[in-house]
Amino acid sequence: MNRLHIALAVTAIAASTPLAAQSADRPQGFSATYADLADLGIDAPLALIGTVRRAQPLPPELSIGVMSGRQRLLVEIDVSRLIRGIAGLPPRLSYLADVPVDSRGRAPRLRGQSLLIFARPVPGRTDMIQLIAPDAQLAVDAAQLAQAEAILAESRLPDAPPRITGITGAFHVPGALPGESETQIFLATDNRRPVSLSVLRRPGETPRWAVALGEIVDEAAAAPARDTLLWYRLACGLPPALPEGAVGRLSRGEQAAARADYALVLSGLGRCARNRGAVAP
C-alpha cells in the first residue's frame, strides 16, 4: 500500500470517528473475561477472525493524537472467518490500531497473528473497518473464541435478556411464620420487557432468590448460571444498592429487609469481573 493509499485510508476512518479513540490501553493478548467479551461483542456490527497480512507504522503526520508509548499502525488482515457481519464482506480488510511499544520503541510483531476482531464498517469504504473500542482486537484463544461465539449467538435470540437500566420498585411481605418473607424487586430494561427479582425466606432453609423474565413469576424460576447472558445483564447492570425511590413507600423495617435481600442477590451473582482496565463498555 503506497503513501497515498495510506493517507486515504486514514482519512476515511477519521471521517467516521476521531483517531484518538483507537488508542489501545492494553495489548491484544490480554485475557478477556465473559464480561469483557460481552461488552465488546453484543453491540458490534462485525465480529470476525483475521490473520494479519501486514501492520504498517504510520508517519507522524498521520498519527496525530497518539498517546505516549503507542504507535499507530495500519493493519491489513485476511478474513478467515466471519462470525457476525455483512454478507459479501471483502476477504481482505484494513483498520487502524494504536498499539503499545516496547522499551526500544518498537511495536509488537503482528504479522501472521490470528486475531478476534470486533468492529464496525467505515462508510463509503467496503475494504475498511474500524475497531469498536481501543482493545477490540484480541489474540485468538480457543476458550475465549468459544465464549464469544456463545455470547453472540445468545444475544441474537428473540428472547435474549435485555439490558438493565435501573430499578423501578420493590416490596417486602412478611410470612405467617417467624423468619418467613418474600421480597420482589422490579427492574427497568432498555426494551421495557418486565424483569423482576424475588427472594424467598423460610424458617430453617437457605434463602432462595430467582429472576423472572416476564409479568408472571414462575415457581420454577431460578438464579442464572454464571457466565451466561442473563447473569451478565444482572451482575454488570444492577446498581450496588437499592435506590431510595424504589423503597420510598415501604416502612423502615420493610426497607431494611428489602435491602438485605437485594444484597443477597448481588452476593449470589458475584463480581462482574473485567480485565479491560478503564475502557468503558
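Residues numbered from 1 in each chain as written. Predicted model: local features only at pLDDT ≥ 70, side-chain atom pairs only at ≥ 80, totals over all residues. Heavy atoms only, no water.

### Describing the overall build of the chain
Point 1. Within the chain, the secondary structure is distributed over six helices and 10 strands.
Point 2. Carbon together with sulfur atoms contributes 54% to the accessible area of the chain, which is approximately 13900 Å² in total. (Helix = DSSP H or I, 4+ residues; strand = E, 2+ residues; numbered from the N terminus. Areas by Shrake-Rupley, 256 points an atom, 1.4 Å probe, with all protein chains shown as cover.)

### Some points on the sheet that holds strand E9 (residues 195–201)
Backbone hydrogen bonds hold the strands of a sheet together, and the pairing may be parallel or antiparallel.
Point 1. The four strands are arranged E7-E8-E9-E10 in an open sheet whose pairing can be described as antiparallel. Edge positions in the sheet fall to strand E7 (164–174) and strand E10 (208–212), since each of these pairs with one other strand and no more. Averaged over all adjacent pairs, the angle separating strand axes in this sheet is 15 degrees, with direction ignored.
Point 2. Bridge count between E9 and E10: five bridges; the pairing is antiparallel. When the bridges of E10 are listed, Leu200 appears paired with Arg208.
Point 3. This element, helix H6 (residues 252–269), spans E7, strand E8 (181–189), E9 and E10 of the sheet and lies at about 105 degrees to E9. (Pairing = 2+ DSSP bridges. Axes fitted to C-alpha atoms, helices over the stretch in contact; angles between N-to-C directions. Contact = heavy atoms within 4.5 Å.)

### Things to note about unusual backbone geometry
Negative phi is the rule for most residues except glycine; trans is the rule for most peptide bonds.
Point 1. For Arg192, which is not glycine, the phi dihedral falls at a positive 65 degrees.
Point 2. With respect to the helices, strands and loops of the structure, Arg192 is situated in the loop between E8 and E9.
Point 3. On the basis of relative accessible area, Arg192 is assigned to the exposed category, the value being 79%.
Point 4. The residue Asp227 is not glycine, and still its phi comes out positive at about 60 degrees.
Point 5. As for its placement among the helices and strands, Asp227 is situated in the loop between E10 and helix H4 (229–235).
Point 6. Taking the relative accessible area as the measure of exposure, Asp227 reaches 34% and is therefore partly exposed. (Buried < 20%, exposed > 50% of the residue type's maximum accessible area, 1.4 Å probe, protein only.)

### Regarding the nonpolar core
Point 1. In terms of nonpolar packing, the biggest core is built from 63 residues, with Tyr95, Ile117, Phe118, Leu187, Leu197 and Leu234 touching the most fellow members.
Point 2. Of all the elements, H4 adds the most residues to this core, at six residues.
Point 3. Leu58, Leu74, Leu96 and Val122 belong to the second-largest nonpolar core, a separate cluster that totals six residues. (Core = buried A, V, L, I, M, F, W, Y, C linked by side-chain atoms within 4.5 Å.)

### Considering the pairing of E10
Point 1. Burial analysis of E10 places four of its five residues in the buried class, the great majority of the element.
Point 2. Between E9 and E10, which pair antiparallel one after the other, the connecting turn spans six residues, and Gly204 there sits at a positive phi close to 80 degrees.

### With respect to the pattern of salt bridges
Point 1. With the rule as written, the count across this model stands at 15 salt bridges.
Point 2. Salt-bridge contacts for Arg163 lead to Asp43; the nearest nitrogen and oxygen are separated by 2.9 Å. One end of the pair, Arg163, is in the loop between helix H3 (142–155) and E7; the other, Asp43, is in the loop between helix H2 (34–41) and strand E1 (46–57), with 120 residues separating them in the sequence.
Point 3. We classify Arg163 as partly exposed; its relative accessible area is 32%.
Point 4. We classify Asp43 as exposed; its relative accessible area is 53%. (Salt bridge = Lys/Arg side-chain N within 4 Å of Asp/Glu carboxyl O.)

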